[in-house]
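One-letter residues, chain by chain:
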Amino acid sequence: MSLSPSPALDSVFPLYLVMDQDGTVRFISDQLAEEIGNACLGQKFAEWFIVKRPILAAHVPEFNLLQRQMFLFITKDGTFAMRGQLLVPAPDDSNITMVITPWLTWMQENRPDRLVSPKSYPVADAQLELQLYLSTQQMMMDDMNGLLLDLQKATNQAIAASSVKSQFVNHISHELRTPLNGILSAAELLKYESASPHARQLIDVIRKSSDALLGIINQILYYSQISSGNLTLAIKQFDPAQLCRDVLQIMSVLARQNNITIEVKIHRLLPASVSADAQRIHNVLLNLVGNAIKHCEGADVVVSVSIRPESLPASPRLLFEVQDSGPGVPPADRDRIFEPFATIAGRKLHGESASGLGLAIVKSEVTVLGGDIGIGDTPSGKGSLFWFDVPVELIHQAQVTIPPEDSAVKLSGRVLVVDDNNINLKLCKLQIERFGLHVDAADSAADAIALATGNQYQLILMDIQMPGMDGKEAAAVVRQLPQYTQTPIIAWTANACEIEAKSYQSSGFNDTLVKPVTTESLRSMLVKWMPGGQR
């Protein structure tokens, strides 16, 4: 079919083209032919031109369905860019006409050699250019608003998914800790019973295996809390040298079992007192020293602490280094060793299993502290040197307190233990009675309130999750009794989430004891809050 120029269009829009219903170009105006040639005649519009907008143009079967759309397109050879819009055809016309104006912003940025400007065309084209520019700008704003809505929707979905994941991890942790509390408590109590050497070995296996399982549960839960951003800093004064000695004392048993010596080096200019989150720093150092012992091969581990001299005086930073004489970390693994579940091929940890989250947690904690962590080379070139530094505030007047020995503390009084799990209830009662205290037990909130009403207890150990009335509600009722306004009430829970622990204290509890409970953790809590103890 041969088409002729349209005098009416030529007088207003010198640039236009005509297509049939299939999108095949049947005619182009003379001035448009001067700009782009006429090779597109007889060709599909979407195949001859690179369509930037609308993106869906190539997938729409009939072009007249896009009458309200703004076209932005470029010739295949990239020499000319155009804006276009379809005209509404006459009822008896089966052809589609597109009026066109140069896409000036694209041309000026990409083909300045063409020297295209509004002055090159009649006034009508300049007006069309402005109209098309404003329409394009509005469409871009609409697209941006749509993207922002999609982004907000995706963010809300991610937050919801993270919340569900955290709730799931917390729930599974709680369900695992409850029976594990019974296993560990029973193993603790069996240590004091007469048993054959073989039975004692089996008890030791139960205790060690339970400790290992508890460690994995703790790491998974803690990593989930870090990932969800639910950790906060607890700033307090502490002695960095004493913190290192505390870690050494905790790890000394594991070191002796593996024929490893641990040495602590204190820099002579180390301040006696600083302010930071001591517990998190302690956690990081304990984890790194534990890893060094596991990877060391019967030699030594050196822990050092100093203040970075270049950080003084404006931004002091403590530097901790843990050096071992083990096989070391290959250079290829150093960049990924802090990633979750990263392993080193062929590495065996004295037959122990691991969650693969230890160093990932360490890095996350250091990040929360505002510090840096890495792996360096040892002076001898053998082994590993892990380091981390954290910002601290220097305290000029150190305050040193020496806690009393627990063994010298005499406890007395009555304790109420509340738990809906009868196994845990009986075992906890037996553990507390070993300290010479009188213990009453309640397996429901109603029984606990009844016992508290008719008796005077010096401490109440209240389970949180119970059917019917939970521990929070029961504690609130007990607090209303005149004899219990100042009595320590301890939240006894299998939920180890930090935010939950803080919520218990804001609900009227004095402290939190997390299951599974060891003899030492129970003793420390009793010493802290019972008459005769040290608060």
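On a predicted model such as this, the values are computed, not experimentally measured, just so you know.

Caption draft 1: Summary view of the overall build of the protein chain. A count of helical and extended segments in the protein chain gives 14 helices and 19 strands. Within the protein chain, contacts between residues at least 6 apart in sequence are counted, and of these 65% link residues at least 24 apart. Accessible surface, the protein chain as shown: approximately 28100 Å² in total, 55% of it carbon and sulfur.

Caption draft 2: Fine view of helix α12 (residues 471-479). Every buried residue belonging to α12 is among Gly471, Ala474, Ala475, Val478 and Arg479, and all of these are buried. On an axial view of α12, the arc spanned by its buried residues comes to 140 degrees, and they lie on one face. Summarising the contacts, the buried residues of α12 are in contact with α11 (445-454), β17 (459-463) and β18 (489-493). Two or three places before lysine 472, at the start of α12, stands the capping residue aspartate 470, its side-chain oxygen 3.2 Å from that residue's backbone nitrogen.

Caption draft 3: Representation of the side chain of serine 29. Inspection of the secondary structure puts serine 29 in the loop between β2 (25-28) and α2 (30-36). For serine 29, a relative accessible area of 2% translates into the label buried. Here proline 14 takes part through its backbone oxygen, which lies 2.5 Å from a polar atom of the side chain of serine 29. Residues within four places of serine 29 in sequence aside, it is in contact with Asp10, Pro14, Leu15 and Tyr16.

Caption draft 4: Here's a closer look at the packing of aromatic side chains. Under the criterion given, the structure shown has six aromatic pairs. On the numbers, 5.0 Å between centres and 70 degrees between planes, the contact of phenylalanine 45 with phenylalanine 73 is edge-to-face. With phenylalanine 45 in helix α3 (residues 45-48) and phenylalanine 73 in strand β4 (residues 71-75), this residue pair connects regions lying 28 residues apart in the sequence. The same class applies to phenylalanine 45 as to phenylalanine 73, namely buried. Relative to phenylalanine 388, the ring of phenylalanine 320 lies with its centre 4.9 Å away and its plane at 10 degrees, an arrangement referred to as stacked. In this pair, phenylalanine 320 is assigned in strand β11 (residues 317-324) and phenylalanine 388 in strand β13 (residues 384-391), connecting sequence segments 68 residues apart. Grouped by ring-pair contacts, the aromatic residues Phe45, Phe49, Phe71 and Phe73 constitute a single cluster.

Caption draft 5: Spotlight on the side chain of serine 306. One can find serine 306 in strand β10 (residues 300-307). Residue classification places serine 306 among the buried positions, given a relative accessible area of 16%. Discounting chain neighbours no more than four positions away, the residues touching serine 306 are His267, Leu270, Arg317, Leu318 and Leu319.

Caption draft 6: Inspection of the sheet that holds strand β19 (residues 511-514) at higher detail. Spatial strand order, β16-β15-β17-β18-β19: five strands in an open sheet with parallel pairing. The outermost strands of the open sheet, each flanked by one partner alone, are β16 (438-442) and β19. Direction aside, neighbouring strands of the sheet carry axes that sit 20 degrees apart on average. Relative to β16, strand β15 (residues 414-418) runs parallel, the two sharing five bridges. When the sheet's bridge partners are listed, arginine 414 is paired in β16 with histidine 438. Taken strand by strand, helix α10 (residues 422-433) contacts β15, β16, β17 and β18, and its axis lies near 170 degrees from that of β16. Each of β15 and β16 touches α11; the most contacted strand, β16, lies at about 140 degrees to it.

Caption draft 7: Summary view of the pairing of β13. Burial analysis of β13 places six of its eight residues in the buried class, the great majority of the element. Sheet topology note: the strand β12 (residues 372-376)/β13 ladder contains five bridges and is antiparallel. The residue of β13 that forms the bridge with aspartate 372 is aspartate 389.

Caption draft 8: Local environment of the pattern of salt bridges. Overall, the coordinates contain twelve salt bridges when judged by the stated rule. With a shortest N-O distance of 3.4 Å, arginine 308 and glutamate 310 are connected by a salt bridge. Among the ionic contacts, a cluster of salt bridges with common partners joins Arg308, Glu310, Arg317, Asp372 and Asp389.

Caption draft 9: Representation of a nonpolar patch on the surface. A contiguous nonpolar patch, built from Met144, Leu147, Leu148 and Leu151 and spanning about 410 Å² of accessible area, is present on the exposed surface. Relative to the helices and strands, leucine 148 resides in helix α5 (residues 123-190).

Caption draft 10: Main features of the environment of glutamine 249. Checked against the element boundaries, glutamine 249 lands in helix α7 (residues 240-257). Residue classification places glutamine 249 among the exposed positions, given a relative accessible area of 58%. Along the backbone, glutamine 249 and isoleucine 262 are 13 residues apart, and their C-alpha atoms lie at a distance of 9.6 Å.

Caption draft 11: Molecular detail of the sheet that holds strand β9 (residues 274-276). One open sheet accounts for three strands, arranged β7-β9-β14; its pairing is antiparallel. With partners counted over all chains shown, the strands left at the sheet margins are β7 (236-238) and β14 (393-394), one partner each. Bridge analysis of β7 against β9 gives three bridges, and the strand direction is antiparallel. Across the sheet, lysine 236 pairs through a bridge with alanine 276, a residue of β9.

Caption draft 12: Inspection of the nonpolar core at higher detail. Core analysis: the biggest nonpolar cluster contains 41 residues, and Ile281, Leu285, Val289, Leu318, Phe320 and Phe388 have the highest contact counts within it. Sorting the residues of this core by element identifies α7, β9, α8 (278-295), β10, β11, α9 (358-368), β12 and β13 as the ones contributing at least two each. Here this core takes eight residues from α8, the largest share from any one element. Excluding its chain neighbours within four sequence positions, the residues that come into contact with valine 289 are Val247, Met251, Ile262, Val303 and Val322. Of all hydrophobic cores here, the second largest spans 26 residues; its members include Met19, Phe49, Ala81 and Val116.

Caption draft 13: Expanded view of the environment of aspartate 511. Tracing the backbone shows aspartate 511 in strand β19. Judged by relative accessible area, aspartate 511 falls into the buried class, the value being 12%. For the pair aspartate 511 and tryptophan 492, spaced 19 residues apart in sequence, the C-alpha separation works out to 8.9 Å. The residues touching aspartate 511, leaving out its near neighbours within four places in the chain, are Ile489, Ile490, Ala491, Gln505, Met525, Lys528 and Trp529. Among the polar contacts made by the side chain of aspartate 511, one reaches the side chain of tryptophan 529 at a distance of 3.1 Å.

Analysis parameters
Every residue gets a number counted from 1 within its own chain, in the order that chain's sequence is written. Whole-chain, interface and lining totals are the exception, using all residues; otherwise, since this is a predicted model, local features are given only for residues with pLDDT of at least 70 and side-chain atom pairs are given and counted only at 80 or more. The basis for every side-chain value is the complete set of non-hydrogen atoms in the structure, without hydrogens or water. Labels follow the DSSP assignment, with helices taken as runs of H or I lasting at least four residues and strands as runs of E lasting at least two, numbered in each case from the N terminus. The contact criterion used is simple: two residues touch if any of their non-hydrogen atoms lie within 4.5 Å. Method for areas: the Shrake-Rupley scheme with a 1.4 Å probe, in which residue coverage is limited to the protein chains shown. Relative accessibility decides the category of a residue: with a 1.4 Å probe and only protein chains considered, values under 20% of the type maximum give buried, values over 50% give exposed, and everything between is partly exposed. An arc is given here, and it is the one of the directions from the helix axis to the C-beta atoms. Residues adjacent in sequence count toward polar contacts only when both atoms are side-chain atoms; beyond that, a polar contact is any pair of N or O atoms within 3.5 Å, and within protein one must be able to donate a hydrogen and the other to accept it. Stacked, edge-to-face and tilted are the three classes for Phe, Tyr and Trp ring pairs, Trp counted by its six-membered ring, which pair at centre distances within 6.5 Å; planes under 30 degrees apart are stacked, over 60 edge-to-face, the rest tilted. Here, any two strands with at least 2 DSSP bridges between them count as paired. In this description, a line fitted to the C-alpha atoms serves as the axis of each element, helices being fitted only across the stretch in contact, and the angle between N-to-C directions of two axes falls anywhere from 0 to 180 degrees. Should a side-chain nitrogen of Lys or Arg be within 4 Å of a carboxyl oxygen of Asp or Glu, the pair is scored as a salt bridge. Residues forming no salt bridge and having over 30% relative accessible area are the ones grouped into patches, like charges within 9 Å of each other and nonpolar side chains (Val, Leu, Ile, Met, Phe, Trp, Tyr) within 5 Å. What is meant by a nonpolar core is a set of buried Ala, Val, Leu, Ile, Met, Phe, Trp, Tyr and Cys residues, joined one to another through side-chain atoms within 4.5 Å.

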